[in-house]
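Commentary on secondary and tertiary structure
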Amino acid sequence: MPNWKLLAQARGIDLPAEDLERLGPALDSLDAAFAPLRELAPHESEPITIYRLERMK
């Protein structure tokens with residue numbers, strides 16, 4: 001599974017550790033759910049998955 005903390009830092013997203021701990025399982029589930037779709041991408045293109053995190057209002 002991806003290192004969500006590192007990915008957030010690389011994108012300049014500053015989240016408290018407790019938020020990352022709470023979001024981690026949901027992001028892992030999303031990553032696993034979309035994994036089969038990544039396999040459908042043509043091999044000559046670079047597959048990319050982007051997750052956009054927003055605080056709920």
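So, here's what we can say about the structure. (Residues numbered from 1 in each chain as written. Predicted model: local features only at pLDDT ≥ 70, side-chain atom pairs only at ≥ 80, totals over all residues. Heavy atoms only, no water.)

It is worth spelling out the overall build of the protein chain at this point. Along its length, the protein chain carries two helices and zero strands. Across the 57 residues of the protein chain, 14% fall into the buried class. Just so you have it, the protein chain exposes about 5100 Å², and 58% of that area is on carbon and sulfur atoms. (Helix = DSSP H or I, 4+ residues; strand = E, 2+ residues; numbered from the N terminus. Buried < 20%, exposed > 50% of the residue type's maximum accessible area, 1.4 Å probe, protein only. Areas by Shrake-Rupley, 256 points an atom, 1.4 Å probe, with all protein chains shown as cover.)

What follows covers the layout of surface pockets. In this model, the second largest pocket occupies a volume close to 190 Å³. If you go around the second largest pocket, the residues you meet are Ile13, Leu15, Asp19, Arg22, Leu23, Leu53, Glu54, Arg55 and Met56. (1 Å grid on protein atoms, 1.4 Å probe; cavity = no way out; pocket = protein on both sides within 12 Å on 5 of 7 lines; lining within 4 Å. Points joined across faces, edges and corners; volume = space filled by probe spheres on them.)

Among the surface-exposed residues, Leu30, Phe34, Leu37 and Leu40 lie close enough to one another that they form a single nonpolar patch of about 400 Å² accessible area. Residue position: Leu37 is located in helix α2 (residues 17–39). (Patch = residues over 30% accessible without salt bridge, like charges linked within 9 Å, V, L, I, M, F, W, Y side chains within 5 Å. Salt bridge = Lys/Arg side-chain N within 4 Å of Asp/Glu carboxyl O.)

On to the environment of Arg55. Secondary-structure assignment places Arg55 in the segment after α2. Setting aside residues up to four positions removed in sequence, Arg55 forms contacts with Leu15, Pro16 and Asp19. (Contact = heavy atoms within 4.5 Å.)

With that settled, the discussion passes to the side chain of Asp31. Following the sequence through the fold, Asp31 ends up in helix α2. Of the residues examined, Asp31 reaches a relative accessible area of 11% and is grouped as buried. Not counting residues up to four positions away in its chain, the partners in contact with Asp31 are Met1, Pro2, Trp4, Arg38 and Tyr51.

Here we take up α2. Three or four residues apart is the spacing at which side chains of an α-helix point the same way, because the helix has 3.6 residues per turn. Taking 1.5 Å as the rise per residue, α2 with 23 residues should run 33 Å; its terminal C-alpha atoms sit 32 Å apart, in good agreement. Three or more residues of α2 are buried, namely Asp19, Leu20, Gly24, Leu27 and Asp31. (Expected span 1.5 Å × (residues − 1).)

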